[in-house]
Amino acid sequence: FGHEGQARCYAAFRPDYPSALLRSIWDRHTGAKALGVDACCGTGKLTVALAAHFDKVLGVDRSSEQLRHADRSAANIEYVEADSTKLAGIEEG
């Protein structure tokens, strides 16, 4: 997804996550809600959903093109271009 056209199409046509799946995530998460992390966030569909349930959300993706098209509709979201398999150092607060 490093190509501009691919990222634009992904942002436009990737379906939303099913509400039943999101409810299942919210029902199971009983821990702290200071920081939510969406690894491999793409254009931020799940990142935005997490923003309604966490104080701060970090969307991480290695594709600058995906992040360029990421949804920035929530003020508590920060997007970071990084390898999601190497998230050492991310801490609450």
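Above this note sits the structure.
Residues numbered from 1 in each chain as written. Predicted model: local features only at pLDDT ≥ 70, side-chain atom pairs only at ≥ 80, totals over all residues. Heavy atoms only, no water.

Trainee: Residue-level account of the overall build of the protein chain, with values.
Mentor: Regarding its fold elements, the protein chain presents four helices and three strands. Counting from the amino terminus, helix and strand elements in the protein chain follow one another as α-α-β-α-β-α-β. Taking 93 residues into account, the globule formula puts the C-alpha radius of gyration at 12 Å, and the protein chain, at 13 Å, falls close to it. Principal-axis analysis of the C-alpha atoms gives the protein chain an extent of 40 × 30 × 25 Å. Taken over 93 residues, the protein chain has a buried fraction of 31%. Put simply, 46% of the contacts in the protein chain that link residues at least 6 apart link residues at least 24 apart. (Helix = DSSP H or I, 4+ residues; strand = E, 2+ residues; numbered from the N terminus. Rg over C-alpha atoms; globule rule 2.2 N^0.38 Å. Buried < 20%, exposed > 50% of the residue type's maximum accessible area, 1.4 Å probe, protein only. Contact = heavy atoms within 4.5 Å.)

Trainee: Help me get a handle on the sheet that holds strand 3 (residues 77-81), residues and values and all.
Mentor: Pairing within the open sheet is parallel, and its three strands lie in the order 1-2-3. Edge positions in the sheet fall to strand 1 (35-39) and strand 3, since each of these pairs with one other strand and no more. Mean inter-strand twist for the sheet, computed between neighbouring axes without regard to direction, equals 20°. Summarising the sheet, strand 1 and strand 2 (residues 56-61) pair through five bridges and their orientation is parallel. (Pairing = 2+ DSSP bridges. Axes fitted to C-alpha atoms, helices over the stretch in contact; angles between N-to-C directions.)

Trainee: Please set out the pattern of salt bridges residue by residue, giving values where relevant.
Mentor: Inspection of the entire model under this criterion finds four salt bridges. Here Lys-45 ties to Asp-16 by a salt bridge, and the two come within 3.1 Å at their closest N and O atoms. Separated by 29 residues along the polypeptide, Lys-45 in helix 3 (residues 45-51) and Asp-16 in the loop between helix 1 (4-13) and helix 2 (19-28) bring together distant segments of the chain. Overall, the relative accessible area of 28% leaves Lys-45 in the partly exposed class. Taking the relative accessible area as the measure of exposure, Asp-16 reaches 58% and is therefore exposed. (Salt bridge = Lys/Arg side-chain N within 4 Å of Asp/Glu carboxyl O.)

Trainee: Break down the nonpolar core for me, with residues and values.
Mentor: Within the largest apolar cluster, twelve residues are counted, these being Leu-22, Cys-41, Leu-46, Leu-50, Ala-51, Phe-54, Val-57, Leu-67, Ala-70, Ala-74, Ile-77 and Tyr-79. At the level of elements, helix 3 and strand 3 are the ones that each hand at least two residues to this core. Per element, the largest residue contribution to this core is three residues, and it comes from helix 3. When residues no more than four places from it in sequence are discounted, the contact partners of Val-57 are Gly-36, Thr-47, Leu-50, Ala-51, Asn-76, Ile-77 and Glu-78. (Core = buried A, V, L, I, M, F, W, Y, C linked by side-chain atoms within 4.5 Å.)

Trainee: Could you give an account of the state of the cysteines, with specific residues and numbers?
Mentor: On inspection of all chains with the given rule, the structure shows zero disulfides. Free cysteine: Cys-9, not disulfide-bonded; nearest cysteine sulfur from Cys-41 at 18 Å. (Disulfide = S-S within 2.5 Å.)

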